[in-house]
Amino acid sequence: MHTDVVLPFLLAWMTAASGTLQRCRNVSFIFKRSLDVTKVWGPKSEQLLKIDNHDFTMRPGFGGPAVPVGVDVQVESLDAISEVDMDFTMTLYLRHYWKDERLAFKSNTNLSMTFDGRLVKKIWVPDMFFVHSKKSFTHDTTTENVMLRVFPDGKVLYSLRVTVTSMCSMDLSRFPLDTQTCSLEIESYAYTDDDLMLYWKEGNRSLSTDDRISLSQFLIQKFHTTTRLAFYSSTGQTGSAAPPFPSRAYGRYESRVTSDLFSPPGWYNRLYITFTLRRHVFFFLLQTYFPATLMVMLSWVSFWIDRRAVPARVPLGITTVLTMSTIITGVNASMPRVSYIKAVDIYLWVSFVFVFLSVIEYAAVNYLSTLQERKERMLRERLPCTCGLAHPGMMSASYSEVEANATGNYGLPESNGVKRERMLVQLAMESDQVTGHVGSSAYSNVWIDTHVIDKYSRVLFPGSYVLFNIIYWSIYS
């Protein structure tokens, strides 16, 4: 009976022990499968990457060959391009790739570990800077836009989001029908090509742009990358000719300099992001060219206004001259003070000359009209005597122009661009009370000199301006 009690108890105990052993084996299997230290709560990242065991103030492989640093860039936006300041603003993602065996760590299945900007300050990173930049900053909203990714074999990806304003030397001689080429230059500040080899990671494919990038005033034609060597003569110190403290701003050149003052010379890898911009001309057609053309055409209206209508022709000429002056001043106010002539200057100043000549043309016409009136007065004084009239002062005169061909030329020649036209002068002479108020009229044909400047100007001014436009747009378009 004692045996009957013990056997069931022993069997139950063995079954429970077997289940416990199986669970222990399952836990052990799960633990082995999750042994990756990058996925479990383990030591600090500094301990995992062994940062305290190395001197990260020195570049990887110090004393050996240059460390290769690949670069690729994604352009996020072109924010502004200024002709006055000769610069542009660009926002981009700048990514660096290199290998630092000091950061290698053990990992079974995970490919990399990702960190933020706090670890960047504890390890070595390339000292890139933007050549000819006026200002730049790394975005820090909501946190600093920096990413560091370390792979098990020591390969490192360092990415940051930067906005930079850099210089762009523009040639405005064809403004606003111009095409500009600007470059963003990236270079190591301290390491020559003996210590750091900077290169585009995948050639021209290392540069990518957002298809939505657009500018209100420019059309972006193309982006491309290039690599060059830049020479700095301030990498050595010899004699008193060298500055007390070496400075990169001292004696910097982009071509080889044969000078014994600095030894040894230093060559630096420089990466170029070059983009070509073509200006949209439609805005300037509406704001500059079209108003200037209208002012020139408006000045031609005076050629069809009576030459005796001084109050009509003089204000019209002065108004067009002042309007052209305002257009020229407005255009130059938004442009840098360059020492050469721009394409828009040629068009505006030629238009201004046309408007000014229309005013001068009326001055000439008015002067010649005054001379003509003097001749008319002299001719009236030579008319037949009106003897026998009680009141000679009551005589009235009216004039009507007729073509000379209608009444005959009488052999009178044309001279000095002046066409002689016949004017039929009708003298209505009224008698006084003695003659019984009987009106009598006498006709006398007299010759008056009339200048035809207005008639020629109606053809010469528009024809010359059209010819100028054909030449101008054929050269600059």
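From a predicted model like this one, the values you see are computed outputs, not experimental measurements.

Visitor: Explanation requested: the overall build of the protein chain in the structure shown.
Guide: Of the regular secondary structure elements, the protein chain holds 8 helices and 15 strands. Counting over 477 residues, the protein chain shows a buried share of 38%. A separation threshold of at least 6 residues defines the contact pool for the protein chain, and within that pool the share at least 24 residues apart is 77%. For the protein chain, the exposed area adds up to about 28,600 Å²; of that, 59% sits on carbon and sulfur atoms.

Visitor: For this particular structure, what's the right way to read a nonpolar patch on the surface?
Guide: A grouping of V310, V314, I318 and L322 is seen on the molecular surface, where their side chains present a nonpolar patch of about 320 Å² in accessible area. Within the element layout of this structure, L322 appears in helix 5 (residues 310-333). Of the residues examined, L322 reaches a relative accessible area of 54% and is grouped as exposed.

Visitor: Is there a simple way to explain unusual backbone geometry in this structure?
Guide: Backbone geometry follows two general trends: most residues other than glycine have a negative phi, and most peptide bonds adopt the trans configuration. The omega torsion across T141 and T142 is 0 degrees, close enough to zero to call that bond cis. Its location among the elements puts T142 in the loop between strand 5 (133-138) and strand 6 (146-150). Of note, the amide linkage connecting F175 to P176 takes the cis form, showing an omega dihedral of 0 degrees. Residue position: P176 is located in the loop between strand 7 (155-167) and strand 8 (179-188). Phi is positive for M86, which is not a glycine, with a value near 55 degrees. Mapped onto the secondary structure, M86 falls in the loop between strand 1 (67-82) and strand 2 (87-99).

Visitor: Even after reading the chapter, I still don't get the side chain of S159, so can you show me in this structure?
Guide: On the secondary structure map, S159 appears in strand 7. Residue classification places S159 among the buried positions, given a relative accessible area of 11%. The residues touching S159, leaving out its near neighbours within four places in the chain, are L94, R95, N145, V146 and M147.

Visitor: What is the right way to read the state of the cysteines from this model?
Guide: Such a bond, covalent and formed between the sulfur atoms of two cysteines, is termed a disulfide. For the coordinates displayed, the defined rule picks out 1 disulfide. Between the sulfur atoms of C168 and its disulfide mate C182 the distance is 1.9 Å. Residues C168 and C182 are joined by a disulfide whose S-S torsion is about -75 degrees; by sign, that bridge is left-handed. With C168 in the loop between strand 7 and strand 8 and C182 in strand 8, this pair connects stretches of sequence that are 14 residues apart. Both residues of the pair, C168 and C182, count as buried.

Visitor: Whenever I open this one, helix 8 (residues 453-476) confuses me. Can you help?
Guide: Turn by turn, an α-helix covers 3.6 residues, leaving residues three or four places apart pointing in a common direction. Across its 24 residues, helix 8 extends 33 Å between first and last C-alpha, which sits within 8% of the 34 Å expected from 1.5 Å per residue. Of all the positions in helix 8, only I453, D454, S457, F461, Y465, F468, N469, Y472 and Y476 are classed as buried.

Visitor: How do you make sense of the pattern of salt bridges when you look at a structure like this?
Guide: Opposite charge on two side chains allows them to pair when their charged atoms are near. Scanning the entire structure with this criterion turns up 14 salt bridges. A salt bridge links R59 to D195; the nearest nitrogen and oxygen atoms lie 3.4 Å apart. With a gap of 136 residues between them, R59 in the loop between helix 2 (45-48) and strand 1 and D195 in the loop between strand 8 and strand 9 (196-200) connect regions that are remote in the sequence. Note that R161 and E76 form a salt bridge whose closest N and O atoms lie 3.0 Å from each other. One end of the pair, R161, is in strand 7; the other, E76, is in strand 1, with 85 residues separating them in the sequence.

Visitor: Mind showing me how you'd approach the sheet that holds strand 11 (residues 218-232) here?
Guide: Adjacent strands of a sheet form backbone hydrogen bonds with each other and so pair up, either parallel or antiparallel. The antiparallel open sheet is built from 4 strands, whose spatial order is 4-8-12-11. This sheet does not close on itself; its edge strands, each paired only once, are strand 4 (128-131) and strand 11. Sheet twist, expressed as the average angle between the axes of neighbouring strands with direction ignored, equals 25 degrees.

Visitor: So what exactly am I meant to see when it comes to the nonpolar core here?
Guide: Soluble, globular proteins show a tendency: their nonpolar side chains are buried together. By size, the foremost hydrophobic cluster in this structure holds 80 residues, and its most contacted members are V73, L78, F88, M90, L148 and F223. If we skip the residues at most four places from it in the chain, M90 touches V75, S77, L78, D79, V162, T163, V164, L184, F223 and F275.

Visitor: In this structure, what is going on with the pairing of strand 7? I would like to understand it.
Guide: The two faces of the sheet receive side chains in turn, since in a regular strand these alternate between them. Within strand 7, 10 of the 13 residues are buried, which leaves the element mostly enclosed by the surrounding structure. Bridge count between strand 2 and strand 7: 13 bridges; the pairing is antiparallel. Within strand 7, the position partnered with Y97 by the bridge is L157. Judged from the 5 bridges that link them, strand 5 and strand 7 form a sheet pairing that is antiparallel. Across the sheet, residue S136 finds its bridge partner in strand 7, namely V164. In terms of strand pairing, strand 6 meets strand 7 through 5 bridges, oriented antiparallel. Of the residues in strand 7, the one forming a bridge with M147 is S159. Once strand 6 ends, the chain turns through 4 residues before running back antiparallel as strand 7, passing G154 with a positive phi of about 100 degrees.

Visitor: Got a minute to help me understand the environment of S208 in this structure?
Guide: Take S208: it is sitting in strand 10 (residues 207-209). As a C-alpha pair, S208 and H224 span 16 residues in sequence and 9.4 Å in three-dimensional space. Not counting residues within four places of it along the chain, the set of residues in contact with S208 comprises V73, Q74 and V75.

About the cut-offs
- Residues numbered from 1 in each chain as written.
- Predicted model: local features only at pLDDT ≥ 70, side-chain atom pairs only at ≥ 80, totals over all residues.
- Heavy atoms only, no water.
- Helix = DSSP H or I, 4+ residues; strand = E, 2+ residues; numbered from the N terminus.
- Buried < 20%, exposed > 50% of the residue type's maximum accessible area, 1.4 Å probe, protein only.
- Contact = heavy atoms within 4.5 Å.
- Areas by Shrake-Rupley, 256 points an atom, 1.4 Å probe, with all protein chains shown as cover.
- Patch = residues over 30% accessible without salt bridge, like charges linked within 9 Å, V, L, I, M, F, W, Y side chains within 5 Å.
- Salt bridge = Lys/Arg side-chain N within 4 Å of Asp/Glu carboxyl O.
- Disulfide = S-S within 2.5 Å.
- Expected span 1.5 Å × (residues − 1).
- Pairing = 2+ DSSP bridges.
- Axes fitted to C-alpha atoms, helices over the stretch in contact; angles between N-to-C directions.
- Core = buried A, V, L, I, M, F, W, Y, C linked by side-chain atoms within 4.5 Å.

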